[in-house]
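Structural description and commentary
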Amino acid sequence: MLKNPEEYTSFDSSNLLLFLLYWRKLLIAVALIAIIVSVIVSSPFFITPKFRSTVILYPASTSSISKALLAENFGGKDDILAFGEEEQTEQLLQILNSNKIRDRIIEKYQLAKHYDIPEDSKFRMTELVREYESNISFRRTEYMAVKIEVMDKDPQLAANIANDIAILLDSIKSDMQKQRALKAYRIVKNEYFSQRDEIRAMEDSLTILRQFGVHDYESQAEMINRQLAMELAKGNKPGIEALEKRLDILAKYGGPYVSIRDALEHDKKQLSHIKSKYEEAKVDAEQVLPQTFIVNNAYKAEKKAYPIRWLIVAISTFSALLMALILIILYENINRMDGLKKKT
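Note that the coordinates shown come from a computational prediction; the quantities given were computed from them, not determined experimentally. (Residues numbered from 1 in each chain as written. Predicted model: local features only at pLDDT ≥ 70, side-chain atom pairs only at ≥ 80, totals over all residues. Heavy atoms only, no water.)

1. What to know about the overall build of the protein chain
If you tally the helices and strands in the protein chain, you get eleven helices and four strands. Across the 344 residues in the protein chain, those meeting the buried criterion constitute 34%. For the protein chain, the share of sequence-separated contacts (at least 6 apart) that also reach a separation of at least 24 residues comes to 78%. Looking at the protein chain as shown, the accessible area adds up to about 22,600 Å², and 57% of this sits on carbon and sulfur atoms. (Helix = DSSP H or I, 4+ residues; strand = E, 2+ residues; numbered from the N terminus. Buried < 20%, exposed > 50% of the residue type's maximum accessible area, 1.4 Å probe, protein only. Contact = heavy atoms within 4.5 Å. Areas by Shrake-Rupley, 256 points an atom, 1.4 Å probe, with all protein chains shown as cover.)

Structure representation (structure tokens):
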């Protein structure tokens, strides 16, 4: 056994093993103590074990039924069955981090009570939100999916919260879009029925004008003028007078007839376009598509995810040994300096 520490304190590669052998009993004792303490500290008596539940989902590429199924000129850019891309994933993450979901989950599961936050706490809401965010997290995976992760001391509660968040995400996004779709539907609906009423009024006006004998201004005027020329050539006064009366009627009502007829043709084309928009808006306002594709639902975990006891023990033991080595080195350097002073 080594008696003189100076034999190894130069700390080159040849005597490092000798150094460890010399202090082996102390280092073993430190390691054993660190193991025992870390095992005790990481036990359920000191650290409450938590269980992890996870939901993985993809966003839908489109949520508009009319554009995906009904619109002819949309070009099929978004397939109703396709998964969303980065933009849709970021939108879902933004909604997941909103207080709309957080507040509903907190209220439904009474998380303030579950997390043992006192009702008379001065910063009760701040503590509750901090605890919520430390146990519930959302992130994007490398495959552009959204991962909902819930940690809790109750494994069933963790699974329930994760699944409920996925359901809330779908319903909240649908509600947000439906509010906008309803407003758009009301605007298009009013425009459609207003345009339709105007067309009916114009059709009624044309019906009245037809009762006066104006059916097709251009062809009637041409035919009457041709007939009038023939009657003039014959000198048929009764025929000429009858034709002139008809021309007077055309002169009086022909202009309004042509104006109403042309406006009616234009408005009917416009009504056809508005009708298609009206039907699309109606579908978007009344029907709902799922906003997400659930890949994995959360289930009750059988093994705890936190704390990882072996990792705590390993890190604690390593840290204790490292600290012990540093203290031993300091101790020996101090002794060596004292020895050199005595010699001088």
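2. Quick notes on the side chain of Ser-38
Looking at the secondary structure, you find Ser-38 in helix 2 (residues 24-41). Those residues in contact with Ser-38 that sit more than four places away from it in its chain are Ile-312, Val-313 and Ser-316.

3. A closer look at the packing of helix 5 (residues 99-109) against helix 7 (residues 124-135)
Following both chains from N to C, one finds helix 5 and helix 7 inclined at 100°, their axes separated by 12 Å at the closest point. In this view, helix 5 runs roughly perpendicular relative to helix 7, as classed from their interaxial angle. Facing Ile-101, Arg-102, Asp-103, Ile-105 and Ile-106 of helix 5, the residues of helix 7 in contact are Met-125, Leu-128, Val-129 and Tyr-132. Considering only residue class, the contact of helix 5 with helix 7 consists of seven nonpolar, no polar and two charged. (Axes fitted to C-alpha atoms, helices over the stretch in contact; angles between N-to-C directions. Parallel < 35°, antiparallel > 145°, perpendicular 65-115°, else oblique. Nonpolar A, V, L, I, M, F, W, Y, C, P; charged D, E, K, R; others polar.)

4. What to know about the packing of helix 5 against helix 8 (residues 155-211)
Closest axis-to-axis distance for the helix 5/helix 8 pair is 10 Å, and the angle between their directions is 135°. It follows that helix 5 is oblique to helix 8 by the angle criterion. In this structure, helix 5 crosses over helix 8, and the sense of that crossing is right-handed. Contacts from Lys-100, Ile-101, Arg-104, Ile-105, Lys-108 and Tyr-109 in helix 5 reach Leu-157, Asn-160, Ile-161, Asp-164, Ile-165, Leu-168, Leu-169, Ile-172 and Met-176 in helix 8. Here the residues of the contact of helix 5 with helix 8 are counted per class, giving ten nonpolar, one polar and four charged. (Left-handed = near helix turned anticlockwise from the far one by under 90°.)

5. Notes on the pairing of strand 1 (residues 51-59)
The sheet contact formed by strand 1 and strand 3 (residues 146-152) spans seven bridges and is antiparallel. Paired with Arg-52 across the strands is Met-151, a residue of strand 3. Summarising the sheet, strand 1 and strand 4 (residues 292-296) pair through four bridges and their orientation is antiparallel. Among the inter-strand pairings, Tyr-58 is bridged to a residue of strand 4, identified as Phe-293. (Pairing = 2+ DSSP bridges.)

6. Let's talk about the nonpolar core
Grouped together as the largest cluster of nonpolar side chains are 32 residues, with contacts concentrated most on Leu-96, Ile-101, Ile-105, Leu-111, Tyr-132, Ile-161 and Ile-165. Counting only elements with at least two residues in this core, the list comes to strand 1, helix 4 (86-96), helix 5, helix 6 (111-114), helix 7, strand 2 (136-140), strand 3 and helix 8. Ranked by residue count, the leading element in this core is helix 8, at ten residues. Residues contacting Ile-105, with those up to four places away along its chain left out, are Gln-110, Leu-111, Tyr-132, Ile-161, Asp-164, Ile-165 and Leu-168. Judged by nonpolar contacts, the second largest core, of 22 residues, contains Leu-206, Leu-250, Tyr-253 and Ala-285. (Core = buried A, V, L, I, M, F, W, Y, C linked by side-chain atoms within 4.5 Å.)

7. Observations regarding the environment of Ile-240
By the element assignment, Ile-240 lies in helix 10 (residues 237-286). Along the backbone, Ile-240 and Gln-227 are 13 residues apart, and their C-alpha atoms lie at a distance of 8.8 Å.

8. Looking at the environment of Phe-19
In this fold, Phe-19 is placed in helix 1 (residues 16-22). With a relative accessible area of 1%, Phe-19 lands in the buried category. Between the C-alpha atoms of Phe-19 and Ile-329, which are 310 residues apart in sequence, the distance is 10.0 Å.

9. Let's talk about the side chain of Ser-121
By the secondary structure assignment, Ser-121 is in the loop between helix 6 and helix 7. On the accessibility criterion, Ser-121 (17% relative accessible area) is buried. At a separation of 3.0 Å, a polar atom in the side chain of Ser-121 contacts the side chain of Glu-127. (Polar contact = N/O pair within 3.5 Å; in protein donor to acceptor, adjacent residues only side chain to side chain.)

10. Regarding the packing of aromatic side chains
One pass over the structure, following the stated rule, counts five aromatic pairs. Centroid distance Tyr-192 to Phe-193: 5.2 Å. Interplanar angle 70°. Geometry classified as edge-to-face. An angle of 10° between the planes, with centres 4.8 Å apart, marks the rings of Tyr-192 and Tyr-278 as stacked. On the criterion of sequence distance, the pair formed by Tyr-192 in helix 8 and Tyr-278 in helix 10 is long-range, its members being 86 residues apart. Each member of the pair Tyr-192 and Tyr-278 is classed as buried. Three or more aromatic residues joined by ring pairs form one cluster here, namely Tyr-185, Tyr-192, Phe-193 and Tyr-278. (Phe/Tyr/Trp six-rings, centres within 6.5 Å; stacked < 30°, edge-to-face > 60°.)

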